[in-house]
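Fold and contact review
One letter stands for each residue in the lines below.
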Amino acid sequence: MTAATSDNIFARILADLSASGNLRSVPQGWDPERVVDMSSNDYLGLGADRAMQEEFLADASRRLIPLTSSASRLLCGRQDEYHSLESLLAGLYGRPALLFNSGYHANTGLVSSIGAMPRTLIVADRLVHASIIDGIVLSRAPFKRFRHNDINHLSDILAKEAGNYDRVLVIVESVYSMDGDRADIAALVEVKRLYPNVMLYVDEAHAFGVEGPQGLGLTLSSGVGESVDIIVGTFGKACASMGAFAAVAHEVREYLVNTTRSFIFSTALPPLTAAWTEWVIRRMLTLDDRRDHLRRLGMRLHSILAPMQPDADITPGHIQPLLTYDARRALDLSARLLERGYKVLPIRTPTVPPGTERLRFSLSASITLQEIDGLKYVLDEI
């Protein structure tokens, strides 16, 4: 194949994506004074809080923390900031914690590492994040997918399959990133307890900082959190930082340190980032006022979006969809909203299944109720 022929293939693929309304590009920046951002995952508004950043950096000793680790975690000479953050998380979750560079690194690494163990079956909710799917593929383990939030379907799969394997890894998200609906953690644990070889894995990426006591997620608020084997949380959303963690049993943590490729072969997070994350989490634990405001915003937005899509079951939380069922319609509506001062980006395949294209409204505690009311006026008009 010549270079010219290869270029033509790329061009044809891009043309097909454009024709279907699924061509992506890196968006331009926007003026935060002119645009209400409803596409960010800065759920508590901490990423936009300059005062917090200035307070953190006002301590001269923090300004001397290195901006790079320059090595993988297993080779780093400086470990204090990582150990301190993991110790904080271990105290909050009652089990050891292990840091990862991102939620993507955590999910691909954890799932592929555990799934690679002999005689392991993976059973995942059909709408789990792409990073979990990629981890499943990398593991080369056999896997099944159950209908979204359908406990009965999960139970049927386990009844047929669990006895054929040494372990079954059941994977869900606590708050789903595109629909904003919730998994029933207590019901999942009830099913898990029927099978001694089942491990339950809950990705709290979109709940950490927002849901549950002190913002620590839905697993701890379920009342059965001790029965969840793996809890994953991320720092790049409500926590206004970067990275992720897994809270697991001691033996599982040591296994992950020795087998998880995304942990072993990645340059570690900058020590300054780990220090900032710990500082933010300690503040985040006390921010019930922001979480309460975010819930009020969610209720107000729900009162606007739910009547527009009466056949959809929309959860009144910090993530809510407006289904357009068509990629071009989603693009058009997003562009018209931006013209009127609301940044709400379109979500298209492969992020969501074909025919479920939408706008994804992602709320932040920095948004006001008046701005939500303004959105209603704009939507009514366009």
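What you see is a predicted model; the values in this text were computed from it and never measured.

Rules behind the numbers
- Residues numbered from 1 in each chain as written.
- Predicted model: local features only at pLDDT ≥ 70, side-chain atom pairs only at ≥ 80, totals over all residues.
- Heavy atoms only, no water.
- 1 Å grid on protein atoms, 1.4 Å probe; cavity = no way out; pocket = protein on both sides within 12 Å on 5 of 7 lines; lining within 4 Å.
- Points joined across faces, edges and corners; volume = space filled by probe spheres on them.
- Helix = DSSP H or I, 4+ residues; strand = E, 2+ residues; numbered from the N terminus.
- Nonpolar A, V, L, I, M, F, W, Y, C, P; charged D, E, K, R; others polar.
- Expected span 1.5 Å × (residues − 1).
- Buried < 20%, exposed > 50% of the residue type's maximum accessible area, 1.4 Å probe, protein only.
- Contact = heavy atoms within 4.5 Å.
- Pairing = 2+ DSSP bridges.
- Right-handed = clockwise from strand over helix to strand, strands pointing away.
- Axes fitted to C-alpha atoms, helices over the stretch in contact; angles between N-to-C directions.
- Parallel < 35°, antiparallel > 145°, perpendicular 65-115°, else oblique.
- Left-handed = near helix turned anticlockwise from the far one by under 90°.
- Patch = residues over 30% accessible without salt bridge, like charges linked within 9 Å, V, L, I, M, F, W, Y side chains within 5 Å.
- Areas by Shrake-Rupley, 256 points an atom, 1.4 Å probe, with all protein chains shown as cover.
- Salt bridge = Lys/Arg side-chain N within 4 Å of Asp/Glu carboxyl O.

**Topic: empty space enclosed by the protein**
- Tallying each qualifying case throughout the model produces one cavity of 30 Å³ or more.
- Each pocket or cavity is described by its volume, and for the largest cavity that value is around 90 Å³.
- Those elements that place two or more of their residues in the lining of the largest cavity are strand E2 (97–100) and helix H10 (261–264).
- The residue makeup of the lining of the largest cavity, split by class, is six nonpolar, three polar and one charged.

**Focus on helix H11 (residues 271–284)**
- Its 14 residues place the ends of H11 20 Å apart at the C-alpha level, agreeing with the 20 Å of an ideal helix rising 1.5 Å per residue.
- Across the 14 residues of H11, 12 count as buried, placing the element largely inside the fold.
- In this structure, the buried side of H11 is in contact with helix H2 (50–58), helix H3 (80–93) and helix H12 (288–305).

**Topic: the pairing of strand E6 (residues 198–203)**
- With six of six residues buried, E6 lies mostly within the body of the structure.
- Every second residue of E6 is oriented toward a common face, with Val 198, Leu 200 and Val 202 on one face and Met 199, Tyr 201 and Asp 203 on the other, all of them buried.
- As paired elements, strand E5 (residues 167–173) and E6 share six bridges and run parallel to each other. Looking at E6, one finds that Val 170 is bridged to Leu 200.
- Since E5 and E6 lie parallel, the crossover through helix H7 (residues 185–192) that links them has a hand, and here it is right-handed.
- Strand direction decides the pairing type here: E6 and strand E7 (residues 230–234), joined by three bridges, are parallel. Looking across to E7, one finds that Asp 203 is bridged to Val 232.

**What to know about the sheet that holds strand E11 (residues 346–347)**
- Across the sheet, which stays open at both edges, the three strands sit in the order E9-E12-E11 with antiparallel pairing between neighbours. Only two strands of the sheet have a single partner each, and these edge strands are strand E9 (319–323) and E11.
- One ladder, built from two bridges, connects E11 with strand E12 (residues 358–362); its direction is antiparallel. Within E12, the position partnered with Pro 346 by the bridge is Leu 359.
- Along the sheet face, H12 touches E9 and E12 and points at about 10 degrees away from the line of E9.

**A look at the sheet that holds strand E4 (residues 143–146)**
- A sheet is described by the order of its strands in space; here seven strands give the open sequence E2-E8-E7-E6-E5-E3-E4, paired in mixed fashion. Among the strands making up the open sheet, the edge pair consists of E2 and E4. Going from strand to strand, the sheet's axes swing by 20 degrees on average, the running direction of each strand aside.
- Relative to strand E8 (residues 244–247), E7 is paired through four bridges, and the arrangement is antiparallel. Opposite Gly 233, over in E8, you have Phe 245 as the bridge partner.

**So, the packing of H3 against H11**
- H11 packs onto H3 with a crossing angle of 30 degrees between their chain directions and a minimal axis gap of 8 Å. As the angle between them shows, H3 and H11 are arranged roughly parallel. In this structure, H3 crosses over H11, and the sense of that crossing is left-handed. For the pair H3 and H11, contact is made by Glu 81, Tyr 82, Ser 84, Leu 85, Leu 88, Leu 89 and Leu 92 and by Pro 271, Ala 274, Ala 275, Thr 277, Glu 278, Ile 281 and Arg 282, respectively.
- Residue classes in the contact of H3 with H11 are distributed as nine nonpolar, two polar and three charged.

**What to know about a nonpolar patch on the surface**
- On the surface, Phe 10, Ile 13, Leu 14, Leu 17 and Leu 23 cluster together into a nonpolar patch covering about 440 Å² of accessible area.
- Along the polypeptide, Leu 14 turns up in helix H1 (residues 3–19).
- Of the residues examined, Leu 14 reaches a relative accessible area of 45% and is grouped as partly exposed.

**Observations regarding the layout of surface pockets**
- Here the second largest pocket defines a volume of roughly 380 Å³.
- Forming the boundary of the second largest pocket are 15 residues, of which Pro 32, Val 35, Asp 37, Ala 48 and Ser 366 lie nearest the centre.
- A per-class count over the lining of the second largest pocket returns six nonpolar, four polar and five charged.

**Concerning the pattern of salt bridges**
- Within this structure, the stated rule accounts for 22 salt bridges.
- Its salt-bridge partner being Glu 226, residue Arg 193 comes within 3.8 Å of it at the nearest N-O pair. Of this pair, Arg 193 sits in the loop between H7 and E6 while Glu 226 sits in the loop between helix H8 (218–221) and E7, placing them 33 residues apart in sequence. Of the two residues, Arg 193 and Glu 226, neither departs from the other in class, the shared state being exposed.
- With a closest N to O distance of 2.9 Å, Arg 282 and Glu 278 form a salt bridge. With Arg 282 and Glu 278 both in helix H11 and four residues apart, this pair spans about one turn of that helix.
- With a relative accessible area of 12%, Glu 278 lands in the buried category.

**Some remarks on the packing of helix H6 (residues 151–161) against H7**
- Here H6 crosses H7 at 15 degrees, and the two axes come no closer than 11 Å. When the interaxial angle is binned, H6 and H7 end up roughly parallel. For the crossing formed where H6 meets H7, the hand is right-handed. Each of Ile 151, Leu 154, Ser 155 and Leu 158 in H6 lies in contact with H7, whose residues at this interface are Ala 187, Leu 188 and Val 191.
- Taken together, the residues of the contact of H6 with H7 sort by class into six nonpolar, one polar and no charged.

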